[in-house]
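Descriptive analysis of the structure
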Amino acid sequence: MLALARRRRKHGLPDRAAAFRLDGDAALEVAHRGELCAASWNPDAGWSVPGAHAAPVGAMLELYLPVCSARAGRPVVVAHLGQSIDGRIATDSGDSHFVTGEANRRHLHRMRALCDAVIVGAGTIAADDPQLTTRQVPGDDPVRVVLDPNCRVAAAAGVLHDRRAPTLLAVGAARLAEARHGAGAAEIIGVACDGGALDLRALLAALHARGLHALFVEGGGVTVSQFLAVGLVDILQIAIAPVFIGAGRPGLQLPPVPSMRDCLRPPGRVFRMGEDVLWSFDLRAPPAGARPAAPPDLERIA
């Protein structure tokens, strides 16, 4: 999958069906007739890996291949939240180290390695001062994008100075001059604001213009909720840890709906990650006439 991601970043994806093999350096190159095929590309369906795959390989392909298929014509936005059973992402004081376990945290690093950019809000930087790198897994660091419409990020924040990966500080277009004083090594981009929040469609357009098509919205709850509320999330991942936090900081915060029939109920798949359970919801409209398979009445997943 790292080879698929690197192929996409360096060379783009072909506009016609093609088969690829891995060379001696674990890089993809076009497979000729009779050669062993490592992966196949279809412009309509994305990547596929031939053969039958037992767990955990099959589960990893199912979870990560859609990210590797992102391209200019079909970008992919994946959002993730790690929360307690009672729907909290941190204690009331803001402590979130750590809600989910090591397996889910490795998943975050894999997502960073496969995506072009990782996006977080100013609140996440203030609370956790994260590095947003791939230090736990192989793979290149993504571009780090910090959403800071009102110039709240402290000048001492690590992502602004460590130079471990390119960093974009997205601020309100009217506050560009103010932002330059504390941006450190980060590049500042001005984005139009709507009611004090960044225009997320304008932000995505700016990122796509830079060739960033696989985007990972890693947090926090406010930022993920904003992307979800305006319909910009393709895949929503919710990791649920076996812990009760009580009166803490909530995860998703969405506008109210009048009745249950109006509630969003997207198709989802369940993955076990150590002690945690990850739900992956596909929020993209299904093809016309497609019907999801009926799940069993009872099935043990752990």
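Residues numbered from 1 in each chain as written. Predicted model: local features only at pLDDT ≥ 70, side-chain atom pairs only at ≥ 80, totals over all residues. Heavy atoms only, no water.

**Quick word on the sheet that holds strand S3 (residues 39-42)**
Strand order across the open sheet formed by 4 strands is S2-S1-S3-S4, with antiparallel pairing between neighbours. Single-partner strands in this sheet number two, and they are strand S2 (28-30) and strand S4 (46-48). Put simply, the sheet's adjacent strands are angled 35° from each other on average, direction ignored. Note that strand S1 (residues 18-22) and S2 share 3 bridges and pair antiparallel. (Pairing = 2+ DSSP bridges. Helix = DSSP H or I, 4+ residues; strand = E, 2+ residues; numbered from the N terminus. Axes fitted to C-alpha atoms, helices over the stretch in contact; angles between N-to-C directions.)

**A word on the side chain of Gln237**
Mapped onto the elements, Gln237 comes out in strand S14 (residues 235-241). For Gln237, a relative accessible area of 1% gives the class buried. The contact partners of Gln237, leaving out residues within four places of it in the chain, are Leu63, Val78, Ala79, His80, Leu81, His107, Met111, Phe216, Leu278, Trp279 and Ser280. (Buried < 20%, exposed > 50% of the residue type's maximum accessible area, 1.4 Å probe, protein only. Contact = heavy atoms within 4.5 Å.)

**Description of the packing of helix H1 (residues 2-11) against helix H3 (residues 102-114)**
At a minimum axis distance of 9 Å, the contact between H1 and H3 shows a crossing angle of 30°. Here H3 runs roughly parallel to H1, going by the angle between their axes. Touching Leu2, Ala5, Arg8 and Arg9 of H1 are Arg112, Ala113 and Leu114, all from H3. Its residues assigned to classes, the contact of H1 with H3 comprises 4 nonpolar, no polar and 3 charged. (Parallel < 35°, antiparallel > 145°, perpendicular 65-115°, else oblique. Nonpolar A, V, L, I, M, F, W, Y, C, P; charged D, E, K, R; others polar.)

**Some thoughts on the packing of aromatic side chains**
Applying the stated criterion across every chain, the model contains 3 aromatic pairs. Linked through ring pairs, Phe20, Trp41 and Trp47 together constitute an aromatic cluster. The residue whose ring lies beneath Arg105 is Phe98, and the NZ or CZ to ring-centre distance is 4.0 Å. (Phe/Tyr/Trp six-rings, centres within 6.5 Å; stacked < 30°, edge-to-face > 60°. Lys NZ or Arg CZ within 6 Å of the ring centre and 35° of its normal.)

**Digging into a nonpolar patch on the surface**
Taken together, Val270, Trp279 and Ile301 make up a surface patch of nonpolar side chains, about 250 Å² in accessible area. Residue classification places Trp279 among the partly exposed positions, given a relative accessible area of 32%. (Patch = residues over 30% accessible without salt bridge, like charges linked within 9 Å, V, L, I, M, F, W, Y side chains within 5 Å. Areas by Shrake-Rupley, 256 points an atom, 1.4 Å probe, with all protein chains shown as cover. Salt bridge = Lys/Arg side-chain N within 4 Å of Asp/Glu carboxyl O.)

**Considerations on the pattern of salt bridges**
Here the structure, examined in full by the defined rule, presents 13 salt bridges. In this structure, the salt-bridge partner of Arg9 is Asp116, at a minimum N-O distance of 3.3 Å. With Arg9 in helix H1 and Asp116 in the loop between H3 and strand S7 (117-121), this pair connects stretches of sequence that are 107 residues apart. Two residues, Glu62 and Arg269, come together in a salt bridge whose shortest N-O distance is 2.6 Å. With a gap of 207 residues between them, Glu62 in helix H2 (residues 57-68) and Arg269 in strand S16 (residues 268-273) connect regions that are remote in the sequence. Ionic contacts of the salt-bridge type, sharing partners, join the residues Arg6, Arg8, Arg9, Asp116 and Asp140 into one network.

**What about the sheet that holds strand S17 (residues 276-282)?**
On the basis of which strands lie adjacent, the open sheet formed by 9 strands has the order S10-S9-S8-S7-S13-S5-S14-S17-S16 and mixed pairing. Each having just a single partner strand, strand S10 (187-191) and S16 make up the two edges of the open sheet. If you compare each strand with its neighbour and ignore which way they point, the axes differ by 25° on average. Judged from the 6 bridges that link them, S16 and S17 form a sheet pairing that is antiparallel. Pairing of Val270 across the sheet is with Trp279, part of S17. Contacting strand S5 (76-84), strand S13 (214-219), S14, S16 and S17, H3 runs over the sheet at an angle of about 145° to S13.

**Description of the environment of Gly12**
Note that Gly12 resides in the loop between H1 and S1. Given the relative accessible area of 26%, Gly12 is considered partly exposed.

**Thoughts on helix H6 (residues 200-209)**
Regarding H6, the residues found buried are Leu200, Leu203, Leu204 and Leu207. Projected down its long axis, H6 carries its buried residues within an arc of 95°, all on one side. Summarising the geometry of H6, the exposed residues directed more than 90 degrees from the buried face are Arg201 and Ala209. N-cap assignment for H6: the residue whose side-chain oxygen lies 3.1 Å from the backbone N of Arg201 is Asp199. Once H6 ends, the next one or two residues include Gly211, with phi positive near 85°. (Arc of directions from axis to C-beta. Polar contact = N/O pair within 3.5 Å; in protein donor to acceptor, adjacent residues only side chain to side chain.)

**Considerations on the side chain of Asp116**
On the accessibility criterion, Asp116 (7% relative accessible area) is buried. A polar atom in the side chain of Asp116 sits 2.9 Å from the side chain of Arg8. Once residues within four sequence positions are removed from consideration, Asp116 is found in contact with Arg8, Arg9, Pro142, Val143, Gly211, Leu212, His213 and Ala214.

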